[in-house]
Amino acid sequence: MQSLFTQHLATVQQTVQQALELARLDGLWIYAGSAKPHFLDDQHSPFKINPHFNYVFPDPNAEQSWLYLDGKNKPKIYFYAPQDYWHVAPNPPTDTFFASEFDWQILADSQQIAQFIQPQHCAFIGEDEKWAEALGFSHINPKKVLNVLHFARSFKTEFEIKCLYQAQFSALKGHHAAKNAFLDGKSEFEINLAYLQATQQSDNNVPYGNIVAINQNSAILHYTKLDVAPPAERHSFLLDAGTTYLGYASDLTRSYAFDSKSEFAALVAEMEKLKLAVIDNLQVGYNYLSYHTQMHQWISQLLQDFDFVKLPADQIFEEGISRTFFPHGLGHQLGLQVHDVAGFQQNARGTHKAAPELYPSLRCTRDLAEGMVLTIEPGFYFIEMLLNPWKNAPLARFFNWQKIDEFKKFGGIRTEDNVVIRANGAENLTAKAAEMLNIR
């Protein structure tokens, strides 16, 4: 990892130089951030690091620490390590593979940073803008700098890809444990505990809220309620959950039928095939929207094949019916943030290309390029509030309402892998890790 990180940091330094030259600045002061207090309380939300800090310094636990970069000289880390008997104080990771790449200064008090800060002709990058103003910064999160940083982060270095790959292993182990818990009759709450135990995480440090959905709960796209009692009958299970490695996230989803011989199980299998088919088709230079559109055409074919809609597949697509059953985007960029930056940003200047009106939930409008890491996560759902408008539409008679109502108990299907775009196509990091673990 050390040689990969050295190469990564060299790339970061080039990016910082580009940003500073464009903004006519001398350096960047990046603040890691701090845990946010709850309103009228002495409790705090779990700490979430500034991703720009984590992009340079691969330790997501460096709360209230600072970085200084000028793109030329060795980066400086001002690591906050207080003496504390109330909480576990962070230990400076000076014996890690990346430690020698930084000049170190240990801060026993967070206010000590004022002794080192030189705000003139430098930019502050971070969330606490009031503190930045108090420290004397006049360039706070300048858009020109952020545009360059965000665009660069959309192309992952080999170090970052290695971290994203490592994050697949723990997540897959968790998914395997959760699947077994579902088949053993556990509740959503108990399944979540099984996942957390297998991944050695708590609810406070998962990359996003685990979606653990049995039966019709799978039709709620971001379902996080977690029923404590198991259902009287179990028909389906959807798990959308990931882990992190040095701050880099995995984001995996799997769906299961309780009855492996049911028609719903056949639909799950077909969705899995479509996911792998679109991954096989990913190529540099093609716009992400084209693959999202292709998936809608394939889902339109499934709607015809499974007799949910009694129309030709091309008409199902043209009439927009597939958008009722697949209402979200095909996926998103992945990295230090689960929904990583620059999905709509077309260049380092910040040119923005919004999602098309037909697909407002699409999270990426970019042409695929080497080094991009994305999720591919098609879905097929039976969502009552989206189906209801069709019941009074001219095409209502072509919907097989009886069968659709029967399938509402399953909720829906989502299947998701994480891929990196290479010069000759997509490398499926999830499938590669699953093969190593011998997990299907």
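Every chain's residues receive numbers from 1 upward, in the order its sequence appears when written. Per-residue local features of the predicted model are confined to residues with pLDDT of at least 70, and side-chain atom pairs are confined, for both listing and counting, to 80 or more; whole-chain, interface and lining totals are unaffected and use all residues. Processing note: side-chain calculations cover all non-hydrogen atoms of the structure and skip hydrogens and water entirely.

- In the annotation of an unreviewed UniProt entry, the protein chain is listed under the name Xaa-Pro dipeptidase and assigned to Frederiksenia canicola.
- UniProt positions are given in the numbering used here, feature names are shortened, and annotations may be inferred rather than shown by experiment. UniProt, in its Catalytic activity (unreviewed entry) section for the protein chain, records the words "Xaa-L-Pro dipeptide + H2O = an L-alpha-amino acid + L-proline".
- According to its UniProt record, the protein chain has this under Function (unreviewed entry): "Splits dipeptides with a prolyl residue in the C-terminal position."

### So, the overall build of the protein chain
Turning to step 1, where the next piece is worked out: When its secondary structure is counted, the protein chain shows 13 helices and 16 strands.
Turning to step 2, where the next piece is worked out: Radius of gyration: C-alpha atoms only; globule rule: 2.2 Å multiplied by the number of residues to the exponent 0.38. Relative to the compact-globule value of 22 Å for 440 residues, the protein chain shows a C-alpha radius of gyration of 24 Å, a close match.
Turning to step 3, where the next piece is worked out: Seen through its C-alpha atoms, the protein chain measures out along the principal axes to roughly 75 × 45 × 45 Å.
Turning to step 4, where the next piece is worked out: Burial status follows relative accessibility: with a 1.4 Å probe on protein chains alone, a residue under 20% of its type maximum counts as buried, one over 50% as exposed, and anything between as partly exposed. Burial statistics for the protein chain: of 440 residues in total, 54% are counted as buried.
Turning to step 5, where the next piece is worked out: A contact between two residues is defined here by any heavy atoms of the two lying within 4.5 Å. Excluding contacts between residues fewer than 6 apart, the proportion of contacts in the protein chain whose partners are at least 24 apart in sequence is 70%.
Turning to step 6, where the next piece is worked out: The Shrake-Rupley method, run with a 1.4 Å probe, gives the accessible areas here. Residue values count only the displayed protein chains as cover. For the protein chain, the accessible area works out to roughly 20,300 Å², and carbon and sulfur atoms hold 49% of it.
Turning to step 7, where the next piece is worked out: The charge count treats Lys and Arg as positive and Asp and Glu as negative. His and the chain ends do not count. Where a charge sits is defined by one atom per residue type, namely NZ (Lys), CZ (Arg), CG (Asp) or CD (Glu). Here the protein chain carries 36 positive and 48 negative side-chain charges, and the mean point of each set is 4 Å from the other. Strands are runs of DSSP state E lasting at least two residues, helices are runs of H or I lasting at least four, and both sets are numbered from the N terminus onward.

### Observations concerning the nonpolar core
Turning to step 1, where the next piece is worked out: Only buried residues count toward a nonpolar core, which is a set of Ala, Val, Leu, Ile, Met, Phe, Trp, Tyr and Cys residues joined through side-chain atoms within 4.5 Å. Ranked by size, the top nonpolar core spans 67 residues in total, and within it Leu 28, Phe 53, Phe 57, Leu 67 and Phe 237 carry the most contacts.
Turning to step 2, where the next piece is worked out: Looking at which element gives the most residues to this core, the answer is helix 5 (residues 158–183), with 11 residues.
Turning to step 3, where the next piece is worked out: With sequence-adjacent residues up to four places away left out, Leu 67 is seen in contact with Leu 28, Trp 29, Ile 30, Phe 53, Val 56, Phe 57, Lys 76, Ile 77 and Phe 102.
Turning to step 4, where the next piece is worked out: One finds Leu 282, Tyr 291, Leu 302 and Phe 399 within the second-largest nonpolar core, a separate group that totals 48 residues.

### Thoughts on unusual backbone geometry
Turning to step 1, where the next piece is worked out: For Arg 24, which is not a glycine, the phi torsion comes out positive at approximately 55°.
Turning to step 2, where the next piece is worked out: The residue Arg 24 is located in the loop between helix 1 (2–23) and strand 1 (27–31) in this model.
Turning to step 3, where the next piece is worked out: On the basis of relative accessibility, which here comes to 75%, the residue Arg 24 falls in the exposed class.
Turning to step 4, where the next piece is worked out: Although it is not a glycine, Asn 141 adopts a positive phi angle of roughly 45°.
Turning to step 5, where the next piece is worked out: Relative to the elements of secondary structure, Asn 141 occurs in the loop between strand 6 (139–140) and helix 4 (143–153).
Turning to step 6, where the next piece is worked out: Using a relative accessible area of 17% as the deciding quantity, one classes Asn 141 as buried.

### Describing the sheet that holds strand 2 (residues 66–69)
Turning to step 1, where the next piece is worked out: We treat two strands as partners when DSSP finds at least two bridges between them. As summarised here, the arrangement of the six strands in space is 4-3-2-1-5-6, forming an open sheet in which the pairing is mixed. Sheet topology places strand 4 (103–107) and strand 6 at the edges, where each strand pairs with a single neighbour.
Turning to step 2, where the next piece is worked out: Bridge analysis of strand 3 (residues 76–80) against strand 4 gives five bridges, and the strand direction is parallel. For Tyr 80, the partnering residue across the bridge sits in strand 4 and is Leu 107.
Turning to step 3, where the next piece is worked out: Helix axes are fitted only over the stretch in contact, all axes being lines through C-alpha atoms; the angle between N-to-C directions runs from 0 to 180 degrees. Helix 1 contacts strand 1 and strand 2 of the sheet and is inclined by roughly 70° relative to strand 2.

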